[in-house]
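Close look at the chain arrangement
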Amino acid sequence: MPEIEHAPHKDGDCFVNYENKVFEDVKAKPGEKALITFHTVANEGSVGFVNLLQATRLIRKGFETSVLLYGPGVTLGVQRGFPRLGDEAFPGHMNCNKQIAKIIEEGGKVYACRFALQALYGYGEHNLIPGITPINPQDVLDVILLARRDNAFILNTWTL
């Protein structure tokens, strides 16, 4: 059997050079906007949470940032918790909810399609995280077109 000839890793060790940033740190110019769209099921993978983190980072870079939840994406904006709303059943259980609250707190706008909310998933507006604005299903396309017209950075989040 081969012998291992190096000391085991310990807390605090690094496997990669995380300080080596290759690209410039881009900041928004005055008036620049960003739109992050979500057509993804909450907690079915990391893409929803990761792109909520991206939305937060865009706000901190100075972009006027909006988040659009539509189709299964509205499930990201629903209040949750167990055994009571807001209770974290296990570490990370409330990551998406907490990140959406942070986006709103830091000045981002979050919109949720009323059609998907009620017709597809059986939720009402009262089920949304406070601060999310419910919108008409016809507004889903218009918010994207307005972002395009404004030359906004648009990040589309799609998973099924």
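Here the structure is shown first, and the text comes after it.
So, here is what we can say about the structure in this document.

Rules used throughout
- Residues numbered from 1 in each chain as written.
- Predicted model: local features only at pLDDT ≥ 70, side-chain atom pairs only at ≥ 80, totals over all residues.
- Heavy atoms only, no water.
- Helix = DSSP H or I, 4+ residues; strand = E, 2+ residues; numbered from the N terminus.
- Buried < 20%, exposed > 50% of the residue type's maximum accessible area, 1.4 Å probe, protein only.
- Contact = heavy atoms within 4.5 Å.
- Axes fitted to C-alpha atoms, helices over the stretch in contact; angles between N-to-C directions.
- Parallel < 35°, antiparallel > 145°, perpendicular 65-115°, else oblique.
- Left-handed = near helix turned anticlockwise from the far one by under 90°.
- Nonpolar A, V, L, I, M, F, W, Y, C, P; charged D, E, K, R; others polar.
- Patch = residues over 30% accessible without salt bridge, like charges linked within 9 Å, V, L, I, M, F, W, Y side chains within 5 Å.
- Areas by Shrake-Rupley, 256 points an atom, 1.4 Å probe, with all protein chains shown as cover.
- Salt bridge = Lys/Arg side-chain N within 4 Å of Asp/Glu carboxyl O.
- 1 Å grid on protein atoms, 1.4 Å probe; cavity = no way out; pocket = protein on both sides within 12 Å on 5 of 7 lines; lining within 4 Å.
- Points joined across faces, edges and corners; volume = space filled by probe spheres on them.
- Core = buried A, V, L, I, M, F, W, Y, C linked by side-chain atoms within 4.5 Å.

For the protein, the count of helices and strands is four helices and five strands. Secondary structure elements of the protein, listed N to C terminal, follow the sequence β-α-β-α-β-α-β-α-β. When burial is assessed residue by residue, the protein has 35% of its 160 residues classed as buried. When contacts within the protein are restricted to residue pairs at least 6 apart in sequence, long-range pairs at least 24 apart make up 71% of them.

This part is about the environment of Leu117. With respect to the helices, strands and loops of the structure, Leu117 is situated in helix 3 (residues 114–120). With 46 residues separating them in the primary sequence, Leu117 and Gly71 have C-alpha atoms 7.9 Å apart. In contact with Leu117, not counting residues within four places along its chain, are Val74, Val78, Gly122, Tyr123, Gly124, Glu125 and Leu128.

This paragraph deals with the packing of helix 1 (residues 47–60) against helix 2 (residues 95–105). One way to put it is that helix 1 packs onto helix 2 with a least axis distance of 10 Å and a crossing angle of 20 degrees. The angle between helix 1 and helix 2 falls in the class roughly parallel. Both helix 1 and helix 2 take part in a crossing whose hand is left-handed. When helix 1 is examined against helix 2, the residues Phe49, Leu52, Leu53, Ala55, Thr56, Ile59 and Arg60 are found in contact with a partner set consisting of Asn95, Cys96, Gln99, Ile100, Lys102 and Ile103. For the contact of helix 1 with helix 2, a count of residues per class yields eight nonpolar, three polar and two charged.

Now for a nonpolar patch on the surface. On the surface, Phe15, Val16 and Tyr18 cluster together into a nonpolar patch covering about 430 Å² of accessible area. When you line up the elements, Phe15 lands in the segment before strand 1 (33–39).

Here the focus is the layout of surface pockets. Volume-wise, the largest pocket comes out at about 230 Å³. Forming the boundary of the largest pocket are 14 residues, of which Lys33, Ser66, Val143, Leu146 and Ala147 lie nearest the centre. Every element with two or more residues in the lining of the largest pocket is listed here: strand 1, strand 2 (64–69), strand 3 (109–113) and helix 4 (137–149). The element contributing the most residues to the lining of the largest pocket is helix 4, with five residues. Residue composition of the lining of the largest pocket, grouped by class: seven nonpolar, one polar and six charged. Here the second largest pocket defines a volume of roughly 170 Å³. Lys21, Glu24, Asp25, Val26, Gln54, Arg57, Leu58, Lys61, Phe153 and Leu155 are the residues that line the second largest pocket.

This part covers the nonpolar core. Counting residues in each nonpolar core, the largest one holds 34 residues, and the members touching the most others are Val67, Leu69, Leu76, Ile100 and Ile132. Look past the residues within four positions of Val67 in its chain and what remains in contact with it is Leu35, Ile36, Phe38, Ala55, Ile103, Lys109, Val110 and Tyr111.

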